[in-house]
Amino acid sequence: MFGTCHLAPQKTPVVAQPPPPVHGFGGILTALGDFGPFQKWLVFWLALPSMISPFFFFGQMFMLLEPQHHCNTSWILALSPNLSKEQQLYLTLPRQANGTFEACRMYRPEPGWGIDKIISFGLNETEDCQDGWVYLSEEPPSLVTEFNLVCDRKYEKEVSQSIFMAGLLLGAATFGPLSDRFGRRITILVELLLQAVIGIGTAFVPNFYLYMALRFVVGTAVSGFAISYITLTTEWVGPTQRTLAVTIAPCFFALGQMVLAGLAYGLRNWRLLQLAGASPIVLLFFYVWVLPESARWLLVRGRVDEARELMKKAAGCNHRMIPQELLDKLQNETKPPRGNILDLFRQQHLRKVTLILLAVWFVDSLVYYGLSLNVGSFGLDIYLTQLVFGLVELPARLGCVVVLQRFGRRRCQAWTLIAGGGMCLIIIFIPSDFPVLITVLAVIGKFATTAAFTISYIYSAELFPTIIRQTGMGLVAMASRTAGIITPLIGLLREYHPAIPMAIFGSIPILVGVLCFLLPETKDRELQDWLDGPGNTHQLVSLSSVRWEACFSLPRLISSVIDLALAGC
């Protein structure tokens, strides 16, 4: 099942003694090892596609770089073929206030006028470009130049990114249930197949509308893989190493962002870049033979014999031997009673936690993608900035493990959001003549928002009760995807004023960061299992009021207002 395990040097199997307090699948997982070679290879194989995911998220930015352009006014050459290029532009294009030619307007030809009359009196009435555009660049074709995504079609660039984000939302809603019904392994293989086929096929589209449609489909597969990866990892790795195991894939994602910068720099032709970014998934065809199913899922589906055989192979890969009496105790695992999404809003304390977490995940995505998708607007080279953005994510994600243990979840979540939003607000007041300073502030903001996003995964899982944790995580993930859809459209507001997008990306996270002080602390505390059980409900309620002296008077006031408002719901 796991093709790489036989490469490890053979050791004498260690017979694991069954731990008396643990029964069923948990006992066997402990017996075969929480994080042995089997799990390490599994995490590596599942994290590897994450290096390709940044291409689907951010590769389009490099395909949509807009060169200088103006209207095609070759009509005047029919009147006078010997006009120089400068004369042609001077006679047919209006100028802006700064003296440059208009990019999207041209002088309207006067019927019956010859070249002498045009030179003598000049053309006055303007109109939109009628015969296409001329691009003042010798770069290979991009999406902009090939499909003319300028002027009245300029907005389609942001719309296409929002359509991809909509695909992420649909993928989060569909592939989760499919994984529960058909299994983790087959779902992951289908998701990778979709990424390969649709990703490669996108390089051959004849028009931009088909390109957007395929981006939507590949978005569903990318989102589905993210869910399936976490599920399969957590179901095979023991509780002592789950946090580390789940953090590895985001680190590969950061490495992928750095690789993307070099790939986009070397391949300026958008079709070649699309092929180079999507094709590596084809190299993962061997996953058909090496990727295991989830033994826990097999037990839930009643396939006990298959689960036993798989556990034996995993134990062999870890140089362990599971006692037969432990395997004989395996029974069909039935799912515990699941809560309803409405349960998140029935109790006052859980209602407040849910609403705040919805806001947290919304702004996580809003600022993260707001900075990532505007990588070319900070004044420095877009390829260098993308490289730095990927590089800064590594310490941001790995550092969370240490910082959370020292300072707790609540303060870290709040201050990372406030810091990320603060950097966006400061950028507004920096003149465009200081691109290095703007980029440094953007990198600091990216560091803070990346850490905030990472903290949200851990903090939210600890705040939601076990019985409804999956439902709660799915709900906040939908809020995140919704923000991802809106974020590219916010970029269109810069047409009215350049500071509007950054003002939005900066102000909302600060407000939500303050709200985070109203959440209970979960560091070193037992997880809540039930919506209403012994010691659980009262513990969560009381946690929201402890250590108020560490907070500000404003959060306390907001908390009182929220409590009163929610009490009336």
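Only a predicted model underlies this, so the values are computations on that prediction, with no experimental measurement involved. (Residues numbered from 1 in each chain as written. Predicted model: local features only at pLDDT ≥ 70, side-chain atom pairs only at ≥ 80, totals over all residues. Heavy atoms only, no water.)

Caption draft 1: Fine view of the side chain of Glu 393. Note that Glu 393 resides in helix H18 (residues 382-407). Since its relative accessible area comes to 0%, Glu 393 is described here as buried. A polar contact of 3.1 Å, which involves the side chain of Glu 393, links it to the side chain of Lys 446. Not counting chain neighbours up to four residues away, the residues in contact with Glu 393 comprise Phe 253, Ala 254, Gln 257, Tyr 368, Lys 446 and Thr 450. (Helix = DSSP H or I, 4+ residues; strand = E, 2+ residues; numbered from the N terminus. Buried < 20%, exposed > 50% of the residue type's maximum accessible area, 1.4 Å probe, protein only. Polar contact = N/O pair within 3.5 Å; in protein donor to acceptor, adjacent residues only side chain to side chain. Contact = heavy atoms within 4.5 Å.)

Caption draft 2: Quick peek at the pattern of salt bridges. Taken as a whole and assessed by the stated rule, the structure comprises 13 salt bridges. The residue Arg 271 makes a salt bridge to Glu 146 at a minimum N-O spacing of 2.4 Å. With Arg 271 in helix H11 (residues 270-278) and Glu 146 in helix H6 (residues 143-147), this residue pair connects regions lying 125 residues apart in the sequence. In this structure, the salt-bridge partner of Glu 156 is Arg 153, at a minimum N-O distance of 2.9 Å. Take Glu 156: its relative accessible area is 4%, and that puts it in the buried class. Here the residues in one salt-bridge network are Arg 108, Glu 125 and Glu 127, joined through shared partners. (Salt bridge = Lys/Arg side-chain N within 4 Å of Asp/Glu carboxyl O.)

Caption draft 3: Expanded view of the packing of helix H2 (residues 37-47) against helix H9 (residues 208-236). Relative to each other, H2 and H9 sit at 175°, their axes nearing to 10 Å. By the criterion of interaxial angle, the relationship of H2 to H9 is roughly antiparallel. Only Phe 225, Tyr 229, Leu 232, Thr 233 and Trp 236 of H9 make contact with H2, whose side of the interface consists of Phe 38, Gln 39, Leu 42, Val 43, Leu 46 and Ala 47. (Axes fitted to C-alpha atoms, helices over the stretch in contact; angles between N-to-C directions. Parallel < 35°, antiparallel > 145°, perpendicular 65-115°, else oblique.)

Caption draft 4: Seen up close, the packing of aromatic side chains. Applying the stated criterion across every chain yields a total of 29 aromatic pairs. Aromatic pair Phe 57 and Tyr 369: ring centres 6.0 Å apart, planes at 10°, arrangement stacked. Of this pair, Phe 57 sits in helix H3 (residues 53-63) while Tyr 369 sits in helix H17 (residues 348-372), placing them 312 residues apart in sequence. Among the residues examined, Phe 57 registers a relative accessible area of 7% and is labelled buried. Consider the rings of Phe 58 and Phe 253, whose centres lie 6.3 Å apart with planes at 70°: the pair is edge-to-face. Here Phe 253 lies in helix H10 (residues 242-266) and Phe 58 lies in helix H3, a separation of 195 residues in the sequence. Taken as a pair, Phe 58 and Phe 253 share a single burial class, namely buried. (Phe/Tyr/Trp six-rings, centres within 6.5 Å; stacked < 30°, edge-to-face > 60°.)

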